[in-house]
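Listed below are the residues making up each chain.
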Amino acid sequence: MNASSRAADLLGRMSLEEKLDLLSGVDGMYTKGVPRIGVRRLRMADASMGLRDGEMEATAFPASIALAATWSRERAQDYGAAVGEEFRSAGIDVVLGPGVNLYRVHECGRNFEYLGEDPWLAASLVVPYIRAVQAKGVAATVKHFVCNNTDWHRCVSNSVVDERALRELYFLPFEAAVCDASVLCMMTSYNLVNGEYAGESRRLLSDVVLGEWGFRGLIMSDWGGLWNPAPAVTSGLHLEMPEAKAFDPAAIRTMIEEGVISQADVDTRALRVLELTARIEELQLEIPNPNRGRIEEHAGVALEVAREGIVLLKNEADALPLEPGATTIAAVGPAVDPTPTSGGGAAAVSAVDPVSIAEAIVAVCPQACLLREADGGTDEVLSKADAALVCVGYDGEREREGCDRPFALPPDQVELIRRAAAVAGRTIVVIVAGGGVEMAGWADEVDAIIHLWYPGEIGARALAEILFGEVNPSGKLPVSIERRAEDRASAPNYLPPGGELYEKPDYVSQDAIPYDVRYAEGVFAGYRHLDALKIEPLFAFGHGLSYTSYSYRDLRVEPDGDRLVVTFTVTNDGERDGKETAQVYVRPPAALADSVPRRLAGFAKHLVPSGGLVEYRVEVPARAFASWEEGGWRRPTGRYTVEVGASSRDLRLKAAVELDEFRPGGAGGVL
Ligand code: BGC
C-alpha cells in the first residue's frame, strides 16, 4: 500500500476526537501520532543552517545568505544533502527550513536565514536544496509564507502588498519549492498579509497554495502564530504548532456544531498529517540512515560554501591577496576572535569548536606575523602592520529573530575603520553580518572590503584562504547595497512613524500597536528600483570581484519552445583559475508600461581555467520574465533584450529577440 492509501486507511479507523487531536503538535517539536493504531510522532527541528538541537552536536554551516552569495546550485545541493543527512542521523523527521522570505530591508533581523532579494535566485537555489534534503529521507519545510520581511514586532505587522508583487516576487520561491521541488511541508508566517494573518488566510492557503499550486504536503503554523480560531481552522492550514491554541479540539467541535467547519474539513487536515507520516516512513524504508551523528565530512561542505559565498566587494590596487611571507597583519575589531558564526534565534546552530578569523590566519599562513589589539593597543599594532584587517559587523545577540538591526554599523566600529585607514599601510575591512551594512561613509578610505556573512564553524578559514590567495573569491552579492539608506526602494515604507529599533527580541507578543508595512514599491524592489530610477548603488546586485578577470563574447539567444536558450563564451584573461557566475537579465519590450527595466532570468557558474574559456549555456523559461496580469501569467509579444554580464551593473553582452505572446500556465513548475 502506498503512503496515501495507508493514510486513508488509518483515517477511516480514527474517531473524531483522535482526528482533532492530530491537528496540533506536542512537546515543542513533535506531531502527536495516534499510538492506538500505530501512527508514530514526527520529530522536527530547526533548520536551514544545520541542526539546532540543545543536545546533539551538529555542523554549523554558513548562513543561508552566504549560500545565496555562492550563486551555485551545486553548493545548494551539497548543503541540503549534508543537512538532510545530519537530521536523518539524529532521528529527526522534519527540517524546519529553508527560509525564502525575500530581502526587502537591510534591517530585517532574519535576512541571514534567507536567500537574498531576488526571487529567481532564491527559487533556483532553494529547489536543489530541498530536493537534496528530502533525498535523505527527511521532510523540508519552506518558510515563512509569506511577506515576513521584517522582524520588527512581527506579530502585529501587516504587509500590504499588491497582487503583482506577491506573484512576481514574494510568492515565487515558495511556488518553486512546491511545484518544482515537491517540498513536503510549508510553514506560515507570523505577520498579517493584506489584513489577514498568513496562517488564517483562506485566500493565501486554500486558494493559492492548495488550489492553484496543487500543494499535496502539510501546511503548519509558525510557533504560536495563530490567533483567531475560526479563520485559522478554515484557512486550509493543517497543523498548529507547537500546541493547540486556535486548534483547540473542544473549540473545533463547537465550530463543527455551528457549521463553521465540517467533519470532512477535519478529515482533510488530519489526513495530511497521516500522509506526511506515511510518506516519511516510506522514504525512510527506501533510503538508508547514515546513523553517524555529526558527520565529519560536512565541515568540508560548509567550507566549500564559505569559499564560494564570501564576496570581495572592493580591491583597490590589488590590495589582496596578501603576500604570505612578507606580511605583518594587525587584526582588530570585535569579530576577530571569537568570530560570530551565526545570527541568533531559531536558526542558530551552536558551533562545536568554531574557527575564528585570528585562528584561521595562523593556520593558513603560519609565516604571517599576526598582531592583536592585546599586543600593544589598537593604534600601536595598526601603525606597525603592513595590512590592517578590521573585522566588524553584527553577531547573534544583535542580529536575530524577533528584532531588526540598524543598516549602519555601530559608531565605534566605523571609528575603528577610520583609525585603521588613517594609520595602516593597507586597510582591509571584513564584514560579518547577515546582510548589507552602510559602507558609503568610509568605503573610499579603505583598500579592500570583504563580506564574510555569518561563516558557520569553519568559514573563517575560507576567509584566510582568500586573504592569502589560496582561494580565488567567486561570491556575488545576492542583494543590492545602496550608498544611502534612503536609496533603497523600501526605505519610506518600513517602520511606522516614530517606530524605533529595539534590541530585546519580541517573539510572539501582540502587545505592540498593529501597523501597516506598505510595499508601495510593488515589483520595483531591490535592483529593479535602482535601475528604474538610475540610482548608482555602492555595490550592485550580482557584484563580486575575483583575483582574475574574465571577458565575455559570442552571445546567442535561441527560442526553444517556450524557453530561451542563451549561450556565450567566458574567457579567463588572468593568471589564476577562477569560478565566474555569469548572469542573464531580460529587458522587456520598450513599449510595455509599468515594466521593471530588467529581471534576473538565469545564471550559471563555472570554473574557468587561467587562459582558458568555457561555453556557458543558460536556459530561460518563460516564467522568468512573464508578468502577472489580471489573474494570470503573460509574456506579451515584442522585442526583448537579453543582457549578459558579471553583475546587474556590469553587463557585457546584449542581444534582441522577438517573441510572441505566451501565457505560462498552472502548477507545472516555475524553473
Ligand atoms: C521561528 C521559526 C522556527 C520555529 C520553531 C519560530 O520562532 O519563526 O522559524 O522554525 O520558531 O523553532
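Residues numbered from 1 in each chain as written. Predicted model: local features only at pLDDT ≥ 70, side-chain atom pairs only at ≥ 80, totals over all residues. Heavy atoms only, no water.

Caption draft 1: Local environment of the packing of helix α5 (residues 119–134) against helix α7 (residues 172–179). As a packed pair, α5 and α7 sit with axes 8 Å apart at the nearest point and diverge in direction by 30°. Relative to α7, α5 is oriented roughly parallel. Where α5 crosses over α7, the handedness of that crossing is right-handed. In this structure, α5 uses P119, W120, A122, A123, V126, V127 and I130 to contact α7, whose residues at the interface are L172, P173, A176 and A177. In terms of residue class, the contact of α5 with α7 is made up of 11 nonpolar, no polar and no charged. (Axes fitted to C-alpha atoms, helices over the stretch in contact; angles between N-to-C directions. Helix = DSSP H or I, 4+ residues; strand = E, 2+ residues; numbered from the N terminus. Parallel < 35°, antiparallel > 145°, perpendicular 65-115°, else oblique. Left-handed = near helix turned anticlockwise from the far one by under 90°. Contact = heavy atoms within 4.5 Å. Nonpolar A, V, L, I, M, F, W, Y, C, P; charged D, E, K, R; others polar.)

Caption draft 2: Inspection of the pattern of salt bridges at higher detail. As enumerated under the stated definition, the model contains 61 salt bridges in all. With its nearest N and O atoms 3.3 Å apart, the salt bridge here joins R154 to D151. D151 shares its class with R154; the two are buried. Residues joined in a network through salt bridges with shared partners are D531, E536, R587, R598, E643 and R649. (Salt bridge = Lys/Arg side-chain N within 4 Å of Asp/Glu carboxyl O. Buried < 20%, exposed > 50% of the residue type's maximum accessible area, 1.4 Å probe, protein only.)

Caption draft 3: Structural context of the site of the ligand. The ligand sits among 14 residues. The nearest are D46, R110, H144, D222 and E401. At 2.7 Å from an oxygen atom of the ligand is found a side-chain nitrogen or oxygen belonging to H144. When grouped by side-chain class, the residues that make up the shell around the ligand number 6 nonpolar, 1 polar and 7 charged. (Near = heavy atom within 4 Å. Polar contact = N/O pair within 3.5 Å; in protein donor to acceptor, adjacent residues only side chain to side chain.)

Caption draft 4: Spatial organisation of α5. Taking 1.5 Å per residue, 16 residues should reach 22 Å; α5 reaches 22 Å between its end C-alpha atoms and fits that length. Of all 16 residues in α5, 15 are buried; the element is thus mostly enclosed. The N-terminus of α5 is capped by D118, whose side-chain oxygen sits 2.8 Å from the backbone nitrogen of W120. (Expected span 1.5 Å × (residues − 1).)

Caption draft 5: Representation of unusual backbone geometry in the model. Omega for the peptide link from M241 to P242 comes to -5°, which places this bond in the cis form. As for its placement among the helices and strands, P242 is situated in the loop between α9 (229–234) and α10 (249–257). For the peptide bond that leads from L320 to P321, omega is 0°, which places it in the cis range. Of note in the backbone geometry, A317 takes a positive phi value of approximately 50° without being a glycine. The backbone of W453 sits at a positive phi, close to 60°, despite the residue not being glycine. Along the chain, W453 turns up in the loop between β14 (448–451) and α16 (459–467).

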